[in-house]
Amino acid sequence: MPGIPEEAQAEALRAVAEASLRRAETIAQLDRDLREAVLAAVRTGANRSRIRSLAGISPNTLYGWLAAEGIEIRAKAPAKKKGES
């Protein structure tokens with residue numbers, strides 16, 4: 001351990017920065033892995049709601065990934081007005 005507080009702080013901050021970088025890289029890799037797994041499941045015909053639920057992703061994320069891959073997405077139904085059934 002360095003002898004003066006500033007050196008100790010600098011060393012500790014370097015360790016934090018390195019751990020933060022490793023964390024970001026790990027998260028990015030896991031996101032890529034999840035995206036590939038989701039796309040593979042969609043291609044098998046698995047239920048998209050179930051996929052989304054298991055993946056813990058929003059509809060916007062799922063359909064964004066699908067659109068980026070050129071996978072067909074049905075048009076969103078128009079919203080119903082109040083009082084319509």
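Our subject is the structure that appears above.
Small disclaimer: the values here were computed from a predicted structure and weren't measured.

> I'm lost on the pattern of salt bridges in this one. Help?
Opposite charge on two side chains permits them to pair, given that their charged atoms come into close proximity. For the structure on display, the rule yields three salt bridges. Across the pair E36 and R35 runs a salt bridge, and its minimum N-O distance is 3.9 Å. A salt bridge links E69 to R43; its shortest N-O distance comes to 3.0 Å. Taken as a pair, E69 in helix α3 (residues 59–69) and R43 in helix α1 (residues 5–43) lie far apart in primary sequence, 26 residues in all. Residues joined in a network through salt bridges with shared partners are R35, E36, R43 and E69.

> Sorry if this is basic, but what is going on with the nonpolar core here?
Within soluble globular proteins, side chains that are nonpolar generally end up buried alongside one another. Core analysis: the largest hydrophobic core is formed by nine residues, namely V38, L39, V42, I51, I57, L62, W65, L66 and I71. Secondary structure elements with two or more residues in this core: α1 and α3. Beyond its immediate stretch of four places on either side in the chain, L62 contacts V38, V42, R48, R52 and I57.

> Mind showing me how you'd approach α1 here?
Residues three or four positions apart in an α-helix share a direction because the helix packs 3.6 residues into each turn. Given a rise of 1.5 Å per residue, 39 residues ought to cover 57 Å, and the 57 Å separating the end C-alpha atoms of α1 matches this to within 8%. In this structure, the buried side of α1 is in contact with α2 (48–55) and α3. Of the residues one or two after α1, G45 is the one with positive phi, at around 95 degrees.

> It is not clear to me how the environment of E72 should be interpreted in this structure. Could you clarify?
Here E72 is to be found in the segment after α3. Residue E72 is classed as exposed on the basis of its relative accessible area of 67%. In this structure the C-alpha to C-alpha distance between E72 and R23, which are 49 residues apart in sequence, comes to 34 Å.

Thresholds applied
Residues numbered from 1 in each chain as written. Predicted model: local features only at pLDDT ≥ 70, side-chain atom pairs only at ≥ 80, totals over all residues. Heavy atoms only, no water. Salt bridge = Lys/Arg side-chain N within 4 Å of Asp/Glu carboxyl O. Helix = DSSP H or I, 4+ residues; strand = E, 2+ residues; numbered from the N terminus. Core = buried A, V, L, I, M, F, W, Y, C linked by side-chain atoms within 4.5 Å. Buried < 20%, exposed > 50% of the residue type's maximum accessible area, 1.4 Å probe, protein only. Contact = heavy atoms within 4.5 Å. Expected span 1.5 Å × (residues − 1).

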